[in-house]
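Observations on chain architecture
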Amino acid sequence: MLRRAILVILLLGAGSASAGQVDWPEAGLVWKVFTLQDYNTRQVVISTILLGVTAGLVGTFLLLRRRSLMGDALSHATFPGIGAAFVVMILLGGTGRSLPGLLVGATVTGLLGVLLVMAIRNTTRLKDDAAMGIVLSVFFGVGVALIQMVKDMPQAGPAGLNDFIYGTAASMIRSDFLLILVVAIGTCLVSLLLLKELTLLCFDESFAASQGWPTVRLDIVLLTIVTAVTVIGLQAVGLVLIIAFLIIPATAARFWTQRLGWMLTLSAIIGGVSGWLGASLSALVRDLPTGAVIVLVAAAIFLVSMLFGRGRGVVPRGLRHARLRRKVGRQHLLRAVYEIVESGQPDVAEPVRNLPITFEALLAHRSWSAAQVGGLLRTARAEDHLENTEPGSVRLSEAGFGEASRVTRNHRLWELYLIRYADIAPSHVDRDADLVEHVLDAEVVSQLESELQDRPSSLEVPPSPHFINHPSPEVS
Amino acid sequence: MKPFVDPPVIPVDGRPEHPDDLPLSIHDLTVAYHRKPVIWDIELNIPEGKLVGVVGPNGAGKSTLLKACLDLVPKTSGEVKIYGESYKKQRSLIGYVPQRESVDWDFPVSALDVVAMGTYRKIGWFKWVGKAQKKLACEALDRVGIAHLGDRQISQLSGGQQQRVFLARALAQDAKVYFMDEPFAAVDAATEQAIVALLKELNKAGKTCLVVHHDLATVKRYFDWLVLLNMRVVASGPTAEIFTKDNLQKTYGGKLSLLDDVAEALRHVGR
C-alpha cells in the first residue's frame, strides 16, 4: 500500500517534470531507481546522496563564515582548469576524458581563483564582492574560450566538457564513483573533526586568534573542503549550480533550529534527500539535467522551510505577530472602555462601576476609525468580553470588566514605573507605556508592584498619572 | 575597598628593573594601518594584580593597543612582553573579552556553547566539547550571574547578558591577565554592577585586568591603575596620581566637543 502510494507520488513528480513528454518510465523501474536497486543508476544516485550530505555539512560552515559568494567564485574558477587539464592530457597522448585528471585541473584553477580574490582584497582597496565578481567572470570567460578551442582540436572530437557547466550524472564509471566516494567521506570527516575549530572561526575569529588557533590556516582548510565538494560535484551538478547545493540546504536548515549541531544534521539530511530525489528523477526522465533537478528539489525544501520552519519560518512568525496584534487591540479597547467609564464617575474614591458607554465616546477616545472599532468590538464579543446591549452603546461583561481593570492597572503601574525610574515626563509616558505593557507577564507585574509598594492600596487600579482626554463621557 | 598600597615605583618611560615579573611590558610599540600610525612609541609597564583602566578619546587607539598586545594586529615596530615572554609563549595566561559588536549574535549557538569556547585551547585539536568543559562553562556563567540562561540562543539575550556571556567565556579561560575591550559599553545598570563586582573579585584573586573604558565619571571608582592614551601614552600610573585635570586635558586636548565631558568628570573628581 505504502509502496504504491510512494510510486504514484514519484511518478507524478517525474511526469510533471518531464512536462508532457510521452517518455514515461514503467513503475517497476521507478521503484528500483529510487530504492537503489537499479544497477545502471545506483552509482549515480549514491554518489549524489553522499555529495548532498557533504555539501550540507560544508555549506553550513561556508554560510556561517559568510563566504557564500566565495563558493561561487571558486566553482566558476574551476572551468579553465577543466579545459587546460583536457589539453594537457591530450598532448600527453591520452584521451583527455579521465575524470581524475580533469578534477585535478579544476582544483588547481579553483584554488587559484580563491587566492586571487584574497590577493585583490588585500592589496587593493576593492571589496570582497568586486574582487569575486572579477575573478568569477574572468576565469569563467577563460574557461569558455579554452573549451571552444579544444572543440576545434582534431583529436578531441565532441569533448562533452560542457557537461561540467550544468552537470550530467548519466555517465559515471566505477573508478569515478570510487573517487567521489572517497573524497566525499574524507571531506565529511574533516569537517566533523574540525567541528569545534571551524565553529570558533566562524563565530569569533579574533578570539580564536587570541587563543592561538591558526585562523588563516583554518580558513584555508575550510576553502579546501569547499573546493573538494565543488570539484566532485562538477560532474553531477555542474559548476553553475553547485553553489546552490552548498548554500540552500544550510539556509533551509537554519529556519528550523537555533543550534549548530541540529543545523549541521538537518542541512546534511536536506542535501542528501535533494541529491537522492534529484538524481533519481533525472535518471528516469530523458534530457532532464541532474544538477537542475537536484537544485529544484533543494529549493522546494527551502521554500517549505522558509514558510513553515519552526524557529523562524514566515508562517509561524506571522501567526505570533497576529496573536500579539489581537492581544494589543483587545487591551486597547478594554482600557479605553474602562477609562471612559471611570471618567464619568463623579467620586474618585469610589470603586469604578461597570456602566454602558456610547459608541461615539469610544470612537473619540483614541484615534480609531469606525471600522477599526467595529472590528475590535466584534473580537471582544466573540471573546465574551461584551454584553449584548442596544445598538450604539457598549457595555462590558463581568469577565470583560475584570480584564479591563487588570489591563488598565498594568498600564498605570508601568507608567508610574517609567515616570519614577526612567525619567519620562508624565505627558509623554502614555505612548511609551503602550509599547511595552502588552508583553508584561505576571512576573514583571509583581516586580512592578513591589517596586511601587509604597503606594497606598496597590491592589486597586491606580489613578492615571496624566490627563486623559475625554471629549464626551458615557451615558448612564 | 582595601586600603591603597603604594605600588612599586616604575618609571613610565624607560624600562623597569625586573620586566619578567610584569604581567605586561610594552616597549617602543607602533602600529599603523595603511601607513597611518594609530598608536606611536608606546612605553608601558603594568604591575601585577592591578585593575587597569585604559582611557582616551575616540580614535585614540585603545582597542588597537589591546589587539597589538594579543598579536591580533601586526606591529610596525616594538615588542610586547607578558611576564617577560612573547605573547605566543604566554597565551595560556591570557583571557580576552572582545568588543560585543565584533561578532554576529544571530549565530546558532547557546550562551553555554559560547562560554565553552573559552576552554577550546585546553581541549586541543579535533576533540569535541565534553562534560567537564560544559561544567566549567556553567560555573563561569554562574559567576556572572546568568547560569539560568545557559540554554538560550545568544540572539535572545539582552545586550548586558551578551556582555556577561563574553566575560564568562574569558573566565572559562582561567587566565592570569585579562584584556577587556569596552565591557561597559551599552550595558544596563545591573550588568555594570555585576561586571564591577567581577573585576574586584578577579583583582582580589591577584589577576591583572586591562579594561578599555570610556566613562570618565567612573574611572576613579573602578580602577586603581590608569593608562591615559591618545595615540601615545599620555600618562600611566596609580589612578590617584594620574587622574588629574592636567593629564585629562593633555589626553582629550584639542577635542572641544569633549570638554564638557571632561568638565563633568572633573566635577566627579572633586567630590
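Residues numbered from 1 in each chain as written. Chains lettered and ligands numbered in written order. Predicted model: local features only at pLDDT ≥ 70, side-chain atom pairs only at ≥ 80, totals over all residues. Heavy atoms only, no water.

A few points about the overall build of chain A
Of the regular secondary structure elements, chain A holds 20 helices and three strands. In chain A, the proportion of contacts linking residues at least 24 apart, taken out of those at least 6 apart, comes to 71%. Summed over all atoms, the accessible surface of chain A reaches about 22700 Å², with 64% contributed by carbon and sulfur. (Helix = DSSP H or I, 4+ residues; strand = E, 2+ residues; numbered from the N terminus. Contact = heavy atoms within 4.5 Å. Areas by Shrake-Rupley, 256 points an atom, 1.4 Å probe, with all protein chains shown as cover.)

So, the overall build of chain B
Across its full length, chain B holds 11 helices and nine strands. Scored against the burial criterion, the 271 residues of chain B give a buried share of 53%. Relative to all contacts within chain B whose residues are 6 or more apart in sequence, the contacts with residues 24 or more apart total 70%. Just so you have it, chain B exposes about 12500 Å², and 52% of that area is on carbon and sulfur atoms. (Buried < 20%, exposed > 50% of the residue type's maximum accessible area, 1.4 Å probe, protein only.)

Notes on the packing of aromatic side chains
Residues and elements named next belong to chain A. Overall, the coordinates contain 11 aromatic pairs over all chains when judged by the stated rule. Considering the side-chain rings of Phe 79 and Phe 140, the 5.3 Å spacing of their centres and the 25° angle between planes classify their relative orientation as stacked. Here Phe 79 is found in helix 4 (residues 68-91), whereas its partner Phe 140 is found in helix 6 (residues 128-152), with 61 residues between them in sequence. By relative accessible area, Phe 79 is classed as buried at 1%. Taking the relative accessible area as the measure of exposure, Phe 140 reaches 22% and is therefore partly exposed. (Phe/Tyr/Trp six-rings, centres within 6.5 Å; stacked < 30°, edge-to-face > 60°.)

Regarding a nonpolar patch on the surface
Residue and element names in this part refer to chain A. Together, Val 304, Phe 308, Val 314, Val 315 and Leu 319 make up an exposed nonpolar region whose accessible area comes to about 420 Å². Where the nonpolar patch is concerned, the elements lending two or more residues are helix 14 (290-308) and helix 15 (314-343). A total of three residues in the nonpolar patch trace back to one element, the largest contributor, which is helix 15. With respect to the helices, strands and loops of the structure, Val 314 is situated in helix 15. (Patch = residues over 30% accessible without salt bridge, like charges linked within 9 Å, V, L, I, M, F, W, Y side chains within 5 Å. Salt bridge = Lys/Arg side-chain N within 4 Å of Asp/Glu carboxyl O.)

Digging into the sheet that holds strand 4 (residues 77-81) of chain B
All names here are of chain B. The strand order across the open sheet formed by three strands is 2-1-4, and the pairing between neighbours is antiparallel. Two strands bound the open sheet, and with one partner strand each, they are strand 2 (36-46) and strand 4. Taken pair by pair, the neighbouring strands of this sheet meet at an average axis angle of 20°, ignoring direction. Bridge count between strand 1 (residues 24-33) and strand 4: four bridges; the pairing is antiparallel. Counted as the bridge partner of Ile 26 is Val 80 from strand 4. The sheet contacts of helix 1 (residues 62-69) involve strand 1, strand 2 and strand 4, and relative to strand 1 the element is tilted by about 115°. (Pairing = 2+ DSSP bridges. Axes fitted to C-alpha atoms, helices over the stretch in contact; angles between N-to-C directions.)

A few points about the state of the cysteines
All names here are of chain B. Applying the stated criterion across every chain yields a total of zero disulfides over all chains. Of the cysteine sulfurs around Cys 209, a residue in no disulfide, the closest is that of Cys 69, at 14 Å. We classify Cys 209 as buried; its relative accessible area is 0%. (Disulfide = S-S within 2.5 Å.)

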